[in-house]
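Summary of the model geometry
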Amino acid sequence: MNITRFFALTIIVFCSANYCDLTVGTSFAQDKTNTQPTQSTESDTSSNSSQAGIVFGTTGAGLQYIKRFDNYSGLGIRLISGYFSLSNEMGVSDVSYSTNLELLNFIAALDYKTPIGISFMAGLSLNNNSVTISATPSSNVQIGDASFSPLEVGSISGVIETNTISPYVGLGLEIFSLANLSVGLNAGVFFQGPPQVTSLTTTGFLSDITTAISQEDIDNEKANINNELKKYNMYPVVTFNILYEF
């Protein structure tokens, strides 16, 4: 997914959510005015609130929107988007892979704010997460269960992906507030399941004549990489946010 399109979609969703709230709230307020003309303005304006701003942390940088259904039950919705990119190294058997991680996430969660200010969140995350891997060995390496020379291997490239939709749970805490501005902390986790290698290819000098590395060798290497990835079945979410209440 194109990053620009992702954030454009995020902004549209946030604005649409706020527009729906304003539309419903305005209609509801008009009905209340017609039926209860003597009710105070303060009671109307304190019935619900919205917050919007920026968020940054282990899911990268993005936007956050919170809408409280009312200030008495503490119930609301929380929408969070994020983009994150990181390059690193990963060793599997005796192959050292260069990795490029890209995370694109959109969280939609029910939010309950307790009287002491801690929020509990539960919802779903829409993910477009992937890791591209590559390696160009300079010495003999083991691919799957067999050993190959650098000329036979050439280069190795592949893609690792996670589930598109993941359950999400988390906690939210307001650390500091001044007038309509606040700084908060979110801590939670994606239950994304173990990442899986969706493609893995090699290029060697024998590629035009015969396949130096068999499909069985590649499948065994996929299994080796997937075994290394089992420990990443959950992704920690720790983010800070700066929000404006309106």
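Up top is the structure these notes are about.
Below: a short report on this structure. The structure presented is a predicted model; accordingly, all values stated were derived computationally and were not measured.

Observations concerning the overall build of the chain
Across its full length, the chain holds four helices and 13 strands. Sequence separation of at least 24 residues holds for 67% of the intrachain contacts in the chain that already meet a minimum separation of 6. Summed over its atoms, the accessible surface of the chain is roughly 13600 Å², and 61% of this surface lies on carbon and sulfur atoms.

A few points about a nonpolar patch on the surface
The grouping of I54, F56, L173, I175, F176, L178, F240 and I242 at the surface amounts to a nonpolar patch, some 750 Å² of accessible area in total. Listing elements by their share of the nonpolar patch, those giving two or more residues are β1 (49–57), β10 (165–178) and β13 (235–245). Per-element accounting of the nonpolar patch gives the leading share, four residues, to β10. Within the element layout of this structure, F56 appears in strand β1. By relative accessible area, which is 39% here, F56 ends up partly exposed.

A short note on the nonpolar core
In this structure, M90, Y97, I133, I143, I160 and I225 are the most contacted members of the largest nonpolar core, which totals 30 residues. Only β3 (75–92), β4 (95–113), β6 (130–135), β7 (141–143), β9 (155–161), β12 (196–203), α4 (215–229) and β13 provide two or more residues apiece to this core. In terms of residues, this core owes the most to one element, β4, which gives six residues. In this view, I160 contacts M90, N129, S130, V131, I133, P195, Q196, V197, I225 and L229; residues no more than four positions away in its chain are not counted.

Comments concerning the packing of aromatic side chains
Where two aromatic rings form a pair, the distance of their centres and the angle of their planes describe that pair. Tallying each qualifying case throughout the model produces three aromatic pairs. Between Y168 and F190 the ring centres are 5.6 Å apart and the planes differ by 55°, which places this aromatic pair in the tilted class. With Y168 in strand β10 and F190 in strand β11 (residues 181–190), the pair connects residues that are 22 residues apart, well separated along the chain.

Remarks on the pattern of salt bridges
Pairs may arise between side chains of opposite charge once their charged atoms sit close together. Enumeration according to the criterion identifies two salt bridges in this entry. A salt bridge links D111 to R68, with the shortest nitrogen-to-oxygen separation between them at 2.5 Å. Here the residue D111 occupies a position in strand β4, and R68 occupies one in strand β2 (residues 60–68), the gap between them amounting to 43 residues. Considered together, D111 and R68 belong to a single accessibility category, that of buried residues.

Section: α4
Spanning 15 residues, α4 covers 21 Å between terminal C-alpha atoms, matching the ideal 21 Å at 1.5 Å per step. For α4, the full list of buried residues reads D217, I218, E221, I225, N226 and L229.

Some points on the side chain of R78
With respect to the element layout, R78 can be found in strand β3. For R78, the contacting residues outside a window of four places in its chain are Q64, Y65, I66, R68, I107, A108, A109, D111, S119, M121 and N186.

Observations concerning the environment of Q192
Inspection of the secondary structure puts Q192 in the loop between β11 and β12. Relative accessible area serves as the criterion here: at 6%, Q192 is assigned to the buried category. Every residue in contact with Q192, bar those within four places of it in the chain, is listed here: N129, T162, N163, S166, Y232, N233, M234 and Y235.

Focus on unusual backbone geometry
Positioned with a positive phi, A179 is a non-glycine residue whose angle comes to about 55°. Looking at where A179 falls in the secondary structure, it is placed in the loop between β10 and β11. In this structure A179 comes out as exposed when scored by relative accessible area, which is 76%.

Rules and cut-offs
- Residues numbered from 1 in each chain as written.
- Predicted model: local features only at pLDDT ≥ 70, side-chain atom pairs only at ≥ 80, totals over all residues.
- Heavy atoms only, no water.
- Helix = DSSP H or I, 4+ residues; strand = E, 2+ residues; numbered from the N terminus.
- Contact = heavy atoms within 4.5 Å.
- Areas by Shrake-Rupley, 256 points an atom, 1.4 Å probe, with all protein chains shown as cover.
- Patch = residues over 30% accessible without salt bridge, like charges linked within 9 Å, V, L, I, M, F, W, Y side chains within 5 Å.
- Salt bridge = Lys/Arg side-chain N within 4 Å of Asp/Glu carboxyl O.
- Buried < 20%, exposed > 50% of the residue type's maximum accessible area, 1.4 Å probe, protein only.
- Core = buried A, V, L, I, M, F, W, Y, C linked by side-chain atoms within 4.5 Å.
- Phe/Tyr/Trp six-rings, centres within 6.5 Å; stacked < 30°, edge-to-face > 60°.
- Expected span 1.5 Å × (residues − 1).

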